[in-house]
Amino acid sequence: MSTPELPDAPASPEVIEIERALTRITYLSTRARQHDRLMSLAGVPLDRAAVALLRQVADSEPLRPGELATRLGVEASHVTRTVQQLQKAGYVTRVPDPDDRRAQRIQLTDAGRQAIDRIRDAGARGMQLALGDWSPEELRQLAGLFHRMVDDFLSYAIDDDVEAESVAPAGTA
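Residues numbered from 1 in each chain as written. Predicted model: local features only at pLDDT ≥ 70, side-chain atom pairs only at ≥ 80, totals over all residues. Heavy atoms only, no water.

## With respect to the overall build of the protein chain
Of the regular secondary structure elements, the protein chain holds seven helices and two strands. From first element to last, N terminus to C terminus, the protein chain shows the α and β order α-α-α-α-α-β-β-α-α. Expressed as a percentage of its 173 residues, the buried residues of the protein chain come to 23%. Considering only residue pairs separated by 6 or more positions, the protein chain has 53% of its internal contacts joining residues 24 or more positions apart. (Helix = DSSP H or I, 4+ residues; strand = E, 2+ residues; numbered from the N terminus. Buried < 20%, exposed > 50% of the residue type's maximum accessible area, 1.4 Å probe, protein only. Contact = heavy atoms within 4.5 Å.)

## A closer look at the pairing of strand β2 (residues 100-108)
Bridge count between strand β1 (residues 92-97) and β2: six bridges; the pairing is antiparallel. Counterpart to T93 in the pairing with β2 is Q107. Hairpin connection between β1 and β2: a loop of two residues separates the two successive antiparallel strands. (Pairing = 2+ DSSP bridges.)

## Some points on the side chain of Q56
Relative to the elements of secondary structure, Q56 occurs in helix α3 (residues 48-58). When its relative accessible area of 17% is taken as the criterion, Q56 is described as buried. With residues up to four places along the chain from it excluded, the contact list for Q56 reads L68, R71 and L72.

## Some remarks on α3
Inspection of α3 places A50, V51, L53, L54, Q56, V57 and A58 among the buried residues, and these make up the whole buried set. Contacts made by the buried residues of α3 are with α2 (32-42), α4 (65-72), α5 (76-88), β1, β2 and α6 (110-130). Looking at where α3 begins, the residue whose side-chain oxygen comes 3.2 Å from the main-chain nitrogen of A49 is D47. (Polar contact = N/O pair within 3.5 Å; in protein donor to acceptor, adjacent residues only side chain to side chain.)

## Focus on the pattern of salt bridges
The tally for this structure, following the rule as stated, stands at nine salt bridges. Close ionic contact of D99 with R105 constitutes a salt bridge, the shortest N to O distance being 3.4 Å. (Salt bridge = Lys/Arg side-chain N within 4 Å of Asp/Glu carboxyl O.)

## Details of the packing of α3 against α4
Contact pair α3 / α4: the axes reach a minimum separation of 11 Å and the direction vectors enclose 110°. Relative to α4, the element α3 lies roughly perpendicular. Pair α3 / α4 crosses with right-handed handedness. From α3, A52, L53, Q56 and V57 reach across to α4, where they touch L68, R71 and L72. The residue inventory of the contact of α3 with α4, partitioned by class, reads five nonpolar, one polar and one charged. (Axes fitted to C-alpha atoms, helices over the stretch in contact; angles between N-to-C directions. Parallel < 35°, antiparallel > 145°, perpendicular 65-115°, else oblique. Left-handed = near helix turned anticlockwise from the far one by under 90°. Nonpolar A, V, L, I, M, F, W, Y, C, P; charged D, E, K, R; others polar.)

## A few points about the environment of G112
Mapped onto the secondary structure, G112 falls in helix α6. Separated by 68 residues in the primary sequence, G112 and V44 place their C-alpha atoms 9.9 Å from one another. For G112, the contacting residues outside a window of four places in its chain are L54, G90 and Y91.

## Comments concerning α5
The end-to-end C-alpha distance of α5, which contains 13 residues, comes to 18 Å, matching closely the 18 Å that a straight helix rising 1.5 Å per residue would cover. All buried positions along α5 are accounted for by V79, T82, V83 and L86. Considered in projection along α5, the buried side chains sweep an arc of 105° and stay on one side of the axis. When the buried face of α5 is taken as reference, the exposed residues oriented beyond 90 degrees from it are R81 and K88. Residues of α5 that are buried make contact with α3, α4, β1 and β2. Just beyond α5, the residue with positive phi is G90, at close to 85°. (Expected span 1.5 Å × (residues − 1). Arc of directions from axis to C-beta.)

The following block contains the structure:
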């Protein structure tokens with residue numbers, strides 16, 4: 001599979017600033033101390049990998065472990081270990097895949113739904129504090145632009161995947 005080419009033209013100053021801001025917010029939101037604080041507020045004793053997997057399961061239909069690994073960008077063995085951890089804690093369960101009875105999908109339990117709701121609530125309350133001086137209109141604009149950006153990123157990623165598959169030698173895509 002070939003690596004997609006980046007445009008030859010340099011990025012605009014605005015795009016450079018957006019990339020810098022996203023890097024900063026990603027760093028701030030993924031710090032271990034921030035995660036520990038969020039888990040303490042939510043009353044959910046999970047590591048970052050478990051929370052990421054729990055969020056992904058909550059945002060989709062039940063998925064096979066391999067699909068979860070692809071969506072999270074991690075190895076399947078990592079998902080298997082994390083699912084086992086979440087299953088032991090009572091947050092997820094395995095259910096038969098309706099398309100293939102030999103396969104299983106991962107689904108939230110009621111306890112898992114309650115945990116993710118508490119995590120999201122604690123995160124939203126923290127964000128509310130940080131953005132407390134913003135007007136409702138500014139918040140609406142930011143939310144709209146973030147959703148648009150994510151949609152464009154996803155569209156680019158899908159186009160990129162299709163392009164990579166179309167140029168990959170037979171049997172490698």
